[in-house]
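Here's the letter readout for the chains.
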Amino acid sequence: MKKAIFITVRNGSTRLPEKANLEIQGVSTIEYLIHRMKNTKKADCIVLCTTENDADDNLVEIAKRNNILYFRGSEEDKLERWKGVAEKFNIDFFCTADGDDIFCEPFLIDLAFEQFERKYPDFIQDGGLVTGAFTYGIKVSALIKVCEIKDSNDTEMMWVYFTDTGLFKVENLENVPHKFYRNDIRMTLDYAEDLTFFREVAKRSEKSKVYLKLDEIIDIIDTEPALKEINFFRQQQWADNQKKKTTLKLKGEQKMPNLVNPSKYLGNELSYIEKVLNSESWSATGGNWNQSFEKEFSKRFGIKYGVALNSGTSTLHAALEAAGVGPGDEVLSPAITVIMDATATLHANAVPVFVDVNRDTFTMDPEDLEKKITPKSKAIIVVSIYGLPAEMDRIMEIANRYKLVVIEDNAQCMLSTYRGRLTGTIGHMASYSFENTKHISCGEGGMIITNNEKYAEMVRKVGGHGFKNLKAEEGRIRLKQEVFQDPDYKRHDVLGWNYRMPEFNAAIALAQLERVDHLIDLRIKSAELFIDIMKETNFLIPQKTPDYCTNSYYTLGVIYDGKEKLGVSWQDFRRMYIEAGGDGIYGAWSVPYLEPVIQNKAYLKRYPEVYKGLDYQNGLCPVAEEIQPKLMQFKTNYRDVGIAKSKAEILKNLVRQISK
Ligand SMILES: Cc1ncc(COP(=O)(O)O)c(C=O)c1O
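Residues numbered from 1 in each chain as written. Predicted model: local features only at pLDDT ≥ 70, side-chain atom pairs only at ≥ 80, totals over all residues.

A. Broad picture of the overall build of the chain. Helix and strand counts for the chain come out as 26 helices and 22 strands. The C-alpha radius of gyration computed for the chain amounts to 27 Å, which stays within 12% of the reference 26 Å derived for 660 residues, consistent with globular compactness. Across its three principal directions, the C-alpha atoms of the chain cover 90 × 75 × 45 Å. Counting all 660 residues of the chain, 47% fall into the buried class. (Helix = DSSP H or I, 4+ residues; strand = E, 2+ residues; numbered from the N terminus. Rg over C-alpha atoms; globule rule 2.2 N^0.38 Å. Buried ≥ 20, exposed ≤ 12 C-beta atoms within 10 Å, placed from the backbone.)

B. Quick peek at the environment of Ile218. Structurally, Ile218 can be placed in helix α8 (residues 214-223). The exposure class assigned to Ile218 is buried, which follows from the 20 C-beta atoms found within 10 Å. Once the C-alpha coordinates of Ile218 and Ile185 are considered, the two residues, 33 residues apart in sequence, prove to be 8.9 Å apart. Those residues in contact with Ile218 that sit more than four places away from it in its chain are Lys179 and Arg182. (Contact = placed C-beta atoms within 7 Å.)

C. Fine view of the domain arrangement of the chain. For the chain, the assigned domains read domain 1 (3-243), domain 2 (276-511) and domain 3 (516-659). Computed over C-alpha atoms only, the centres of domain 1 and domain 2 are separated by 42 Å. (Domains from an automatic or database assignment.)

D. Spotlight on the packing of helix α3 (residues 78-89) against helix α5 (residues 140-149). For the pair α3 and α5, the least separation of the axes is 10 Å and the interaxial angle reads 135°. Classified by the angle their axes make, α3 and α5 are oblique. α3 and α5 meet at a crossing whose hand is left-handed. Along its contact with α3, which presents Leu79, Glu80, Trp82, Lys83 and Ala86, the element α5 presents Val140, Leu143, Ile144, Val146 and Cys147. Class assignment for the residues of the contact of α3 with α5 results in eight nonpolar, no polar and two charged. (Axes fitted to C-alpha atoms, helices over the stretch in contact; angles between N-to-C directions. Parallel < 35°, antiparallel > 145°, perpendicular 65-115°, else oblique. Left-handed = near helix turned anticlockwise from the far one by under 90°. Nonpolar A, V, L, I, M, F, W, Y, C, P; charged D, E, K, R; others polar.)

E. Here's a closer look at the site of the ligand. Close to the ligand lie 15 residues, the nearest being Ser311, Gly312, Thr313, Ala411 and Ser433. Counted by class, the shell around the ligand contains four nonpolar, seven polar and four charged residues. (Near = placed C-beta within 6 Å.)

F. A look at helix α17 (residues 453-463). α17 sits mainly inside the fold: eight of its eleven residues count as buried. Every buried residue of α17 is listed here: Tyr455, Ala456, Met458, Val459, Arg460, Lys461, Val462 and Gly463. Packing partners of the buried residues in α17 comprise β10 (305-309), α13 (312-322), β17 (429-433) and β18 (446-450). With its phi angle positive at about 60°, His465 sits one or two positions after the end of α17.

G. Region of the structure containing the pairing of strand β13 (residues 377-383). Of all seven residues that make up β13, six are buried, and the element is covered over most of its length. As defined by bridge partners, strand β11 (residues 330-334) adjoins β13 across three bridges and the pair is classed as parallel. Residue pairing for β13: Glu330 is matched across the bridge by Ser377. Two elements, β13 and strand β14 (residues 405-409), share five bridges in a ladder whose sense is parallel. Considered in β14, the bridge of Val383 is made with Asp409. (Pairing = 2+ DSSP bridges.)

H. Inspection of the sheet that holds β13 at higher detail. Spatially, the seven strands line up as an open sheet ordered β10-β18-β17-β14-β13-β11-β12, and their pairing is mixed. Looking at strand neighbours, the two that pair on one side only are β10 and β12 (351-355), the edges of this open sheet. Taking the axes of each pair of neighbouring strands and ignoring which way they run, one obtains an average angle of 20° across the sheet.

I. Highlighting the sheet that holds strand β6 (residues 93-98). Sheet architecture is open: seven strands sit in the order β5-β4-β1-β6-β8-β7-β9, paired in mixed fashion. Looking along the sheet, the strands with just one partner apiece sit at the ends: β5 (69-73) and β9 (170-172). Sheet twist, expressed as the average angle between the axes of neighbouring strands with direction ignored, equals 25°. Here strand β1 (residues 3-8) pairs with β6 via six bridges, running parallel. Paired with Ala4 across the bridge in β6 is Phe94.

J. Structural detail: the nonpolar core. Formed by 113 residues in total, the largest nonpolar core has its most connected members in Ala319, Leu320, Ala379, Ile380 and Val459. Non-local contacts of Ala319, meaning those with residues more than four positions away in its chain, are made with Ile407, Met429, Ser431, Ile448 and Val459. Grouped together as the second largest cluster of nonpolar side chains are 70 residues, Ala43, Leu173, Phe197 and Ile218 included. (Core = buried A, V, L, I, M, F, W, Y, C linked by C-beta atoms within 7 Å.)

K. Expanded view of the environment of Ala350. Looking at the secondary structure, you find Ala350 in the loop between α14 (340-347) and β12. Once residues lying within four places of it in the same chain are set aside, the contact partners of Ala350 are Leu320, Val325, Gly326, Asp329, Glu330, Val331, Thr345 and Lys378.

L. Looking closely at α3. Across its twelve residues, α3 extends 17 Å between first and last C-alpha, which sits within 8% of the 16 Å expected from 1.5 Å per residue. Structurally, α3 contributes buried residues whose contacts are with β1, β4 (45-51), β5, β6 and α5. One or two positions beyond α3, positive phi appears at Asn90, with a value near 60°. (Expected span 1.5 Å × (residues − 1).)

M. Structural view of unusual backbone geometry. Even without being a glycine, Asn67 presents a positive backbone phi close to 55°. Inspection of the secondary structure puts Asn67 in the loop between α2 (57-65) and β5. Phi at Glu280 is positive, roughly 60°, even though this residue is not glycine. Relative to the elements of secondary structure, Glu280 occurs in the loop between α11 (269-279) and α12 (289-301).

N. Quick look at the confidence of the model for the chain. Chain-level pLDDT for the chain is 91 on average; 96% of the residues reach the 70-or-more range. pLDDT under 50 marks residues 257-262. Its contacts with residues more than four places away, or in other chains, come to 16 contacts. (pLDDT = per-residue confidence, 0-100.)

O. Quick look at the pairing of β4. Burial of β4 is extensive: six of the seven residues sit out of reach of the surface. The pairing of β1 with β4 spans five bridges and is parallel. Looking at the pairing, Ala4 lines up with Cys45 of β4. Pairing between β4 and β5: five bridges, direction parallel. Bridging across to β5, Thr50 finds its partner in Arg72. In the classification by handedness, the crossover that spans β4, the intervening α2 and the parallel β5 is right-handed. (Right-handed = clockwise from strand over helix to strand, strands pointing away.)

In structure tokens form, the structure reads like this:
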């Protein structure tokens, strides 16, 4: 199996002419990249791939001077050029390093070679790494097939042929350290400022000219964040350009095959599960997987403690108990959310108080929140609904004023930002769910993260039978046998439940966490495809994401106004979409207090003195009651943007058809 790195470069760029010859650290940018690539351990050869244009003669000289192979081929068609290289040098698998990606990381290329030898995928993509840190890994037999079936020379954004046809085994690069997932750094040489950025970073190396590892590059940038600003402002322009992607054109009778949703479990899930099985330590009381998952998860947020439990409802309950919420206390939660925020409150013997929402963002309305606070108020559960943060500054200000504990319910929100801060880092505790549909999933699971040691310890005890030796950072019950094998030994000092997460779930969730950026990216890209289409309509109004927030789109929430505007009911619109081949429109859950369980006053039985007289009437949260029947949730958890694209196309046709 011969493995190569193809460095693709030409001099004809229009935005930044001759960029391969520009200077960095005393050499040309392309030589700098060649020097980096020579640090791979697994590549059998490096080939510089350029065109037959005279302008590229000097690139060939550079290849010769640096003792690497070179190849000259078609200017327009990158895929044909690569095919020529592969045939000439008998290559089986190659990784691409674009001439623009001068900080491309050889370690990541080695990871791709290793993954190829382990699993033989056709195409390995980078899934959200620092731009250009790793581009693609391609199996030559797959490349040859693409060259046979494609009906266009436009291969600039060539990946669509691998990812969108459904013909190939596409994987994401595995085992990548979290550190390399950054979307706040721009690392690709397209504009003049980019060169300044590369030069400034390289200049700060103590070992100038010597190969700087990506780790070190990121450390340099993090110690001097102003470096990012040199060129990051171009990111949007660059990203928009990337979106003008090559359109798939297949030859003759070739049809787009039936696309199947590829497995979500493409990472380390299976290998970790095997390790758990072999360890025979399947409970959090003895195994290490809960702890690893907790550590990695909380680290991702820069938060001190993570406590994994078995669902996003047990986390809410445990968090309320930890916050000291008890009989008769009031807990405020929004009226557009699942029932669990209210039921967790009831399980803590407290009284749910429902707060209305903002009509455009569907998140908790701070004004209504303040109106509903009483001397009995004890805590607020703020929900980042559909992946969008609520108005956290205002909510925290109100909470601090009334001394209320804020629990962020981020079951639907993973790594979204609010005014530059990550959701999950703003309230006093934040709760996550890893149920099957969530960004990260392990069947069922949950996590509380917090910087407060007392809360973390109490959440762990509430969820772990109240064992007295449980600590904020430690879920294992490590006791010397001789201490507890004693009839006089007393174990429990808190009234607890068993909410522990099994080790299997923790192992799967950890493997998912390793690819969380990619999983989020898929949801965002899928949502954006649908949002683009909705811009053409006046009856599908997506959840508004304020410009100071990012949305991780657990689902794309939309107000459907088609009944009023077109006379087409919610149900009919959904039926037409499904009949046309679309999928995944779901209705929003009822406003919680209108669910029978609340209307029937099931809570009375559990604590009559507390709940006597409690009654929830229609009209309590008018905005929520008005928008809930109109809400449509569009699916975003596609495992392949190609599939989302085909569904979005179906929506587009339907919208045009019914708008006529
Ligand atoms: C906003 C919100 N909170 C809480 C939960 C409860 O999570 P779990 O299903 O893991 O108990 C969910 C789950 O759907 C949710 O969407």
